[in-house]
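One letter stands for each residue in the lines below.
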Amino acid sequence: MPLDTNFTNQKFKQVGTRPLRPDGVDKVTGRAKYGADYNAPGQLIALVLRSPHAHAKIKKIDTSKAEKLAGVKAIITSADLPDLTAGDRGMRDILENCMARKKVLYDGHAVAAVAAIDQTTARKALKLIQVDYEMLPHVTDVDEALKPSAPVIHNDIFTEGVEPTPTKPSNNNKRASFGHGDIVQGFKDADVIVEHTYKTEQTHQGYIEPHACVANVSPDGQGELWVCTQGHFVYRNQCAALLGMDISKLRVTASEIGGGFGGKTHIWTEPLALALSRKANRPVKLTMTRDEVFRCSGPTSSTSIDMKIGAKKDGTITAAHGVLRYHGGAFPATWAEFGAMTAFACYDLKNVKSESIEVIVNRPKTAAYRAPSAPMAAFAVESAIDELAKKIGMDAVELRIKNAAKQGTQSSYGPVYGPIGIGATLEAAKNHAHMKAPLGKNQGRGMACGFWFNFGGQTCCDINVTPDGTVTVAVGTIDVGGSRASIGLMAAEELGLAYENVRVVIADTSSLGHNDMTDGSRGTFSTGMATIAAARNCIKVLCARAAKMWDIPEDAVVWEDGHAKPAGTNAGNFPPLSIKEIAAAAGNTGGPIAGHNELVADGAGVSFATHICDIEVDPETGRSTVKRYTVIQDAGKAIHPSYVEGQYQGGAAQGIGWALNEEYIYGKDGRLQNAGFLDYRIPVCSDLPFIDTMILEIPNPNHPYGVRGVGETSIVPPLAAIANAMSNAVGVRMTHIPMSPPRVLKAISNRKH
Amino acid sequence: MRYEAPETLKSAVTLLAKEKGLAFVLAGGTDLLVKMKGGFLEPDLVVDIKRIKGVFDIAKSATGFRIGAAVPGVQLGENAALVKAWPGVVEGANLIGSKQVQGRCTMVGNLCNGSPAADGVPALIAANAKVVISGPKGKRTIPVEQVPVSPGRISLKKGEIIEAILLPKRPANSSDAYLRFIPRTEMDIAVVSAAVNLTLDGKGTVKDARVVLGAVAPTIIVVPAAAKALIGSKLDAAALEKLAAACAAACKPIDDKRGTIEFRTKVAGVLARRAAEIAYKRAGGK
Amino acid sequence: MSGVHVSTTINGDAVEFVCNADEPLLDVLRNRLGMTGAKEGCGTGDCGACSVTINGRLVCSCLVLGAEVNGAKVGTIEGMAKGDQLHPLQKNFISHAALQCGICTPGFLIAAKALLDKNPDPSEEEIRFGLAGNLCRCTGYDKIVRAVQATAKEMRGA
């Protein structure tokens, strides 16, 4: 039975408390099994040979010497992965990214893979594979790639979204435009206009666990895959399609996941492991090195954004215009579109236009990274708005409050908002003690806002009541950071059971219907929704069984506090029946008791945040230190507040790293120069202060508990918040992220001259 | 690859001298294993020197300190006498890597890695430290700055092992300091670094000075002009400005993923100035 | 390649193994001894996920050869709880929500224990620098530092 998803403002007994996570003990004792922690009997070790070139034709691959090496059991190239994608461009790109076909498109692109009896043999075999390349000119910069002189990476890409469609191929696969009103008139009406071009460098999600899987495919066409992933069902579907397997024959089990942040929503080496296993008829384990993770998984886009915003002297924004160029790596994508849609979403604008330009470059395929594309757009918009406030002589928070979107606002990307939290986060920021705290020498305070859509998607949940009356909940989204606890709380709340009596497991792909990726901050939102529905369906069965035990009509039984009760005195005078009692009798009342739900979780509530940041800049070295940081975000309803805070803090920390030091550095040769944690420089413990959080709860009307996704929005404001703080600390407006010491020192010395 | 863990220096030298393939000394392994992991080095022989007597000793004598080749960073920091005498040397060594790396990394290894950005080396050079080398032809002692030749290359000959570092005895009113610039607070390689070793007279005037810069040239460099700027001064603003200018003038850095020429040149002077101020205070100057 | 025979002590138990001469201790623990609590996040000593102790010193097991631990005492996450009693750090990491994905957690626990063994009353700064060799990408370190502070306080009181 479908769920009435409307928010009902029910009073909670358990939701909102902070019980211990059920997977805690396993994770503090080293017992939890992550991707690389599983081994299959008789497994082979696989390694991938990768291109050292940014762009080259593959003339020939000679694997004969490697094949003769003792202990080598299978070698594959693209010839072992025939194109079965039948005109599906998206799937073909996935296939080509997993293994280069006629050309290598980036430094690190896979060209062959080996499975051998051990790592040493596999390493030797890789060295014996000879690849003849014909070098091609490359381009790795997002702006350079758009120039007419740039080498065209795919000769079958003709810009979509322009009329008429170009006849010449280019590195611009798509353009789109969003907005409303008349920006020409809007800028005429403005008293003050700020206009800049902003750039952000490419960053990586930086999850600590490298991609790892164990594949096991038999000659009878059945297969198993153990893998760290944010979406084992999607991995299953895509791998089966690329390998020509029936989807049902491939059973995928998700390991514990050591971080993903969007980077584990795409398949990378999994089809190679499966193809090797099929060829060798042995289980195959394939683990990426850290170097491979940086070079060949899916970092985010680097961007170049033209931003123009105009306002009246009273602070009313009259027009806003952005042109956003994002690269998708070596394949066509629509990341700029996400940037364009999110850019102005915080504001109620009369005249707004945001245009997206998608760019292809010789870099690894771009993947989602936490609120993908939004942080860069917010950096440009929120920097410009701060500058606007300065020019007008208005407080930066006040200016934002004046222009903030509210219920009924037509968003810049189309929809009209329901109840939203941007205004509330801004008011909270304005009144926050952080805003009034004194600042020291060379210190500055900045703030910025951020938006993310949040997703819903296909979801299902099975609840089974066990014979002793405790309950198992099987879900199909991954526990990326404590969601078992949140799901358990919701199931316990509905059923009226103690949290300890609910065990939540992540089901494998053969045990549950299809579930979409755990992305878009949808885990707690959508699986929570399915769990509540499954629990309510389970309660119906429990009531029916109680009715049978009492021999009264089913509709004469109600469920309260974990017990079946007669609906009223007319229904009969029976003492309440607990789940335990009903479960114990199940064998005589109709068999096992369960509740199921399958749904498309529509109505994900949009999410807003406001961040405040104090930094201190050493004017002699350009080095900056975050002294204080506050995150204020609307959660809709915080099911388990500790893990909501954790999402806020983690997103802010990733944003701080992005803002200050993290970046992909490519050499003139098109090769990545800093493919390791040493020189990629994610924040370490001593780089950060405590990150204060403030959870606001403006219920999402489309979720029974009011939940909004909370995972992603927290990475959106930091780039801008820190840039604004920098501007206030040392009087330089940084338009290039990261604001690394050499860039800041240069800006400071330019300011002096 | 073969792994050997001899118990005498002599057998270690013999193993290394006789090996026809690629042979390396293993003490802390925090550089060697990284290079092996990345496939940049495939040794035929690794000689672990940690079972040799005395390699973990820090000995104080009338002539100064003798620090065994395998003494890890953390052990240097635990030796109160050493910290008191050579705070700059110890703080440099203690900046190598994380706490985990500190449990293993050695100053000798840091030196033999041949990196111009080595944190453990500038203060040793500023201290006029020496190394004792054992080889097939016996022992020799050379100044630390004669060990590195160019990035990644050192002057040791086949079969030679550095068995210890010698730090001289401290005169009165003297101390040292080491500072490096990194973008984060930990875990980075120095983008630029400076070590300053000062001796004052009883009135706080700099009598003797040695200024060393890291990561601004193919090897770590001694900057005599910078030392000259300090000698005879009480570290007044003019002297410090001259010091910074001399350091900037001595820089011959490169642009790379860790920093730019412009940045390194500017910040070298800033760090030298700040290190000098710390060393001055430590030496009793006011 | 001929193997190296190693006799060692891991978490108080005598253990013997044969490994390749160039095999890191981390690979020995994970692939030969089935002790997968230490994780490989980088293999180059930059993330601390493979932290163990050798003779009481905190090290990255990816930067130690298996052959080197002959005669040594190795401590890993598998030996941190005593029987069914979790170490206070383990308890506090759970109760303070100091882990999200959990991949860095074993390394953090080993490093935090090494820190508290040496310094039972660390300042926030000492905790942050003491744990700087352990990367966490989920938590922003906030709740990790708080869990260590709470443990230090608890253990001092006990």
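Residues numbered from 1 in each chain as written. Chains lettered and ligands numbered in written order. Predicted model: local features only at pLDDT ≥ 70, side-chain atom pairs only at ≥ 80, totals over all residues. Heavy atoms only, no water.

1. Some words on the domain arrangement of chain A
Residues and elements named next belong to chain A. Domain annotation of chain A identifies domain 1 (35-136 + 210-257 + 264-296), domain 2 (303-454 + 605-752) and domain 3 (456-601). Computed from C-alpha atoms alone, the centre-to-centre distance between domain 2 and domain 3 is 40 Å. Residue-level contacts link 15 residues of domain 2 with 16 residues of domain 3. Across the interface of domain 2 and domain 3, roughly 1200 Å² is buried in total on both sides, 65% from carbon and sulfur atoms. Our count for the domain 2 to domain 3 interface comes out at 0 salt bridges. (Domains from an automatic or database assignment. Contact = heavy atoms within 4.5 Å. Buried area = accessible area lost by both parts, 1.4 Å probe. Salt bridge = Lys/Arg side-chain N within 4 Å of Asp/Glu carboxyl O.)

2. Quick word on the interface of chain B and chain C
Counting residues at the interface gives 28 residues for chain B, matched by 30 residues for chain C. Taken together, the two surfaces of chain B and chain C that pack against each other cover about 2300 Å², and 61% of this comes from carbon and sulfur. Our count for the contact surface shared by chain B and chain C stands at 5 salt bridges. Here C:E68 makes a salt bridge to B:K50, at a shortest N to O gap of 2.4 Å. The interface formed by chain B and chain C holds 9 residue pairs in polar contact (both at pLDDT 80 or more) in total. For the side of chain B that touches chain C, the elements supplying multiple residues, two or more each, are β1 (2-4), α2 (32-37), β3 (45-48), α3 (73-78) and α6 (99-102) of chain B. The element contributing the most residues to the side of chain B that touches chain C is α2(B), with 4 residues. Across the side of chain B that touches chain C, the residue classes tally to 11 nonpolar, 8 polar and 9 charged. (Polar contact = N/O pair within 3.5 Å; in protein donor to acceptor, adjacent residues only side chain to side chain. Helix = DSSP H or I, 4+ residues; strand = E, 2+ residues; numbered from the N terminus. Nonpolar A, V, L, I, M, F, W, Y, C, P; charged D, E, K, R; others polar.)

3. Topic: the sheet that holds strand β26 (residues 691-696) of chain A
Residues and elements named next belong to chain A. Judged by pairing direction, the sheet is mixed, and its 4 strands sit side by side in the order β16-β24-β25-β26 without closing on themselves. Edge positions in the sheet fall to β16 (443-452) and β26, since each has one partner strand and no second. The average undirected angle you get between the axes of adjacent strands in this sheet is 15°. Inspection of the sheet shows strand β24 (residues 607-617) paired to strand β25 (residues 624-634) by 9 bridges, in the antiparallel sense. Counterpart to A609 in the pairing with β25 is Q633. (Pairing = 2+ DSSP bridges. Axes fitted to C-alpha atoms, helices over the stretch in contact; angles between N-to-C directions.)

4. Describing the pairing of strand β12 (residues 284-287) of chain A
Residues and elements named next belong to chain A. Sheet topology note: the strand β1 (residues 44-50)/β12 ladder contains 3 bridges and is parallel. Each residue of the ladder has a partner; that of I45, found in β12, is K285. When strand β9 (residues 212-217) meets β12, the two strands line up antiparallel, connected through 4 bridges. If you follow A212 over to β12, its bridge partner there is T287.

5. Remarks on the interface of chain C and chain A
Chain C puts 43 residues into the contact, and the matching count from chain A is 52 residues. With both chains or domains summed, chain C and chain A bury close to 3900 Å², and 60% of this area falls on carbon and sulfur atoms. By the criterion of area lost to chain A, the three top residues of chain C are C:I94, C:Q100 and C:R137, representing 21% of everything that side buries. Taken together, the connections running from chain C to chain A amount to 4 salt bridges. The tally of links from chain C across to chain A stands at 22 residue pairs in polar contact (both at pLDDT 80 or more). Among the secondary structure elements, those contributing two or more residues to the side of chain C that touches chain A are α2 (88-95), α3 (105-118), α4 (124-130) and α5 (142-157) of chain C. With 5 residues, the top contributor of residues to the side of chain C that touches chain A is α5(C). Classifying every residue of the side of chain C that touches chain A gives 20 nonpolar, 12 polar and 11 charged.

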